[in-house]
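# Observations on the three-dimensional arrangement
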Amino acid sequence: MAKLKERLQGIIPEERERVRKVVTEKGEKVISQVTVKQAYGGMRGVKCLVCDTSSLDPEEGISFRGYTIPQLMERLPKAPKGDSPLPEAHWWLLLTGELPTEEEVKDFQEELKSRMIVPQYVFKMLDAMPEDTHPMTMFSAAVLSMQGESLFVKRYNERMKRGYYWEPMYEDSLNLLAKLPQIGARIYRMKYKGGSYIQPDPDLDWGGNFAHMMGVEKPEYKDLMRLYFFLHSDHESGNVSAHTGHLVASALSDVYYSISAAINGLAGPLHGLANQMCLKWIMEMMEKLGGVPTKEQIEKYAWDTLNSGQVIPGYGHAVLRKTDPRFVAQHEFAMRYCPDDPIVKTVTNVYEVVPAILQKHGKAKNPWPNVDAHSGCLQYHYGIREFDFYTVFFGIGRALGITAELVWDRALMLPIERPKSVTTKWIEEEA
Ligand code: CMX
């Protein structure tokens, strides 16, 4: 048996016992109260989900299984000659809470490679879609089209016992993750490169292979994609994509239904689509002003955006109250490889100007940049200039976090999610 699955088999009984004890001893403790404002206001701050893969501190940002981004940049295994953590090593950490050894990562990479072949019907279906279909629609449909491959469904229909649900969920997750780089790159080359596809290189890692199949051969682009997938993987479980994945799977829907639904949520402009919106905003400003704008020009442009009732994409967050460390990690990459790129310079200048404007504007609780404020300019620098595609990158990365959570949802045998709703009349009369 593969080492990761074997490791999980060892951990799951202990975790089940830990959670059983917590629920027995603390089951009646109150951890959150809900106000009327929260019920109408997107449930902001209501503590009603449990997520062990990552945790989001408003001031410190994300930590994955207790490790910060800089810690994992140091400690997770890397590709030969690479500086970014390997996303597949990160999936191991998300699942087990343990940093894998080089040897364990190699074993896991072999597992992924053995499952990477995408069924031809997926490509046929993508080919049949209208030419102007958004890449996120294609991505979601591609994932959903493979639903018939689900081992979970097969085993469920064979009356598998609940205690074993996690195993086919793990297998389905691995089968799906292994194929995502090829599906993503296929959509890109189909839509924007006239269907000239690049075959996967069996000697490359998961993220490096994706970079290769996209057709960008600069060696550091492989490292950029490893970094990108690592950074976008998980942001605890209340965000729209992760919560959607968890909710759909709670009905015992399989990983294909669940990840396809999560991708649909990620495709909204207030969530993952903000990365394409943000670069569009920057480029329109540069086009209008004829090059790298001055700080005064950025200030005016930002006020015009706000005064026309639009949000400044890439800024603000529902939980964070400081600069997103995922923004910082991408900025460090940019300062290392492309500090003189005019778009990178503009992104940096926007960072120096916009927070003060948002503070003055007085609406956004968090005036600082989030992950989406930086990712687009790096892709643009390396020649991926089709903004519409940017959220697919996010989706491939986010699938790492959601699938890790789903395996644990099944391992802990969590029930179907079903909060209670009330009517406005009830609130008027009873609250
Ligand atoms: N520009 C202008 N106004 C903003 C703003 C921004 N960047 N961020 C928040 N606001 C406004 C909100 O629209 C809201 O206005 P109303 O009261 O008129 O509705 C007000 O400030 C309060 O919002 P908030 O409590 O600070 O933020 P929310 O938790 O409601 O929303 C988010 C969070 C991310 C949706 C919001 O900050 C936003 O729209 N940002 C721009 C889009 C973006 O970058 N999204 C990506 C987030 C990361 C991700 O998920 O990928």
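Check the entry above for the structure.
This report concerns the structure included in the present document. None of the values given here were measured: they were computed from a predicted structure. (Residues numbered from 1 in each chain as written. Predicted model: local features only at pLDDT ≥ 70, side-chain atom pairs only at ≥ 80, totals over all residues. Heavy atoms only, no water.)

We note that Glu-236 has phi near 45°; this positive angle belongs to a residue other than glycine. Counting through the fold element by element, Glu-236 comes out in the loop between helix 11 (219-232) and helix 12 (240-250). Its relative accessible area of 24% is what places Glu-236 among the partly exposed residues. Unusually for a residue other than glycine, Leu-252 sits at a positive phi of about 70°. Tracing the backbone shows Leu-252 in the loop between helix 12 and helix 13 (255-266). (Helix = DSSP H or I, 4+ residues; strand = E, 2+ residues; numbered from the N terminus. Buried < 20%, exposed > 50% of the residue type's maximum accessible area, 1.4 Å probe, protein only.)

Moving on to the packing of aromatic side chains. Applying the stated criterion to the full structure yields 22 aromatic pairs. Here the aromatic residues Tyr-188, Tyr-192, Trp-206, Phe-210, Tyr-228, Phe-229, Tyr-380, Phe-387, Phe-389, Tyr-390 and Phe-393 are joined through ring pairs into a cluster of three or more. Arg-186 extends its terminal NZ or CZ atom over the ring of Tyr-197, reaching a point 3.6 Å from the ring centre. (Phe/Tyr/Trp six-rings, centres within 6.5 Å; stacked < 30°, edge-to-face > 60°. Lys NZ or Arg CZ within 6 Å of the ring centre and 35° of its normal.)

Judged by nonpolar contacts, the single largest core of 116 residues is most densely connected at Trp-91, Phe-139 and Phe-393. Residue contributions to this core reach at least three from each of two domains, namely domain 1 (1-270 + 400-431) and domain 2 (274-381). If we ignore the near neighbours within four places in the chain, the residues touching Phe-393 are Phe-210, Met-214, Tyr-221, Met-225, Tyr-228, Phe-229, Gln-379 and Ile-384. (Core = buried A, V, L, I, M, F, W, Y, C linked by side-chain atoms within 4.5 Å. Domains from an automatic or database assignment. Contact = heavy atoms within 4.5 Å.)

As a structural note, the neighbourhood of the ligand is formed by 21 residues, with His-271, Gly-314, Tyr-315, Lys-365 and Asp-372 the closest of them. Separating an oxygen atom of the ligand from a backbone N or O atom of Ala-364 is a distance of 3.2 Å. Considered on its own, the ligand offers 890 Å² of accessible surface; in the complex 75% of this is hidden by protein. Its residues placed into classes, the shell around the ligand shows 11 nonpolar, six polar and four charged. (Near = heavy atom within 4 Å. Polar contact = N/O pair within 3.5 Å; in protein donor to acceptor, adjacent residues only side chain to side chain. Areas by Shrake-Rupley, 256 points an atom, 1.4 Å probe, with all protein chains shown as cover. Nonpolar A, V, L, I, M, F, W, Y, C, P; charged D, E, K, R; others polar.)

Most of helix 7 (residues 135-145) sits out of view: eight of its 11 residues are buried. What helix 7 keeps buried is the set Pro-135, Met-136, Met-138, Phe-139, Ser-140, Ala-141, Ala-142 and Val-143. On its buried face, helix 7 is in contact with helix 6 (120-128), helix 9 (166-192), helix 13 and helix 19 (390-411).

Okay, the pattern of salt bridges next. Any two side chains of opposite charge can pair, so long as their charged atoms come close to each other. Summed over all chains, the structure comprises 20 salt bridges. Its salt-bridge partner being Glu-171, residue Lys-5 comes within 2.6 Å of it at the nearest N-O pair. Of this pair, Lys-5 sits in helix 1 (residues 3-26) while Glu-171 sits in helix 9, and the two are 166 residues apart along the sequence. When its relative accessible area of 10% is taken as the criterion, Lys-5 is described as buried. Judged by relative accessible area, Glu-171 falls into the buried class, the value being 16%. For Glu-25, the salt bridge identified is with Lys-21, shortest N-O distance 3.8 Å. Residue Glu-25 and its partner Lys-21 are both found in helix 1; the two are separated by four residues, about one turn of the helix. Taking relative accessible area as the criterion, Glu-25 reaches 55% and is therefore assigned exposed. (Salt bridge = Lys/Arg side-chain N within 4 Å of Asp/Glu carboxyl O.)

That is the geometry; function is a separate question.
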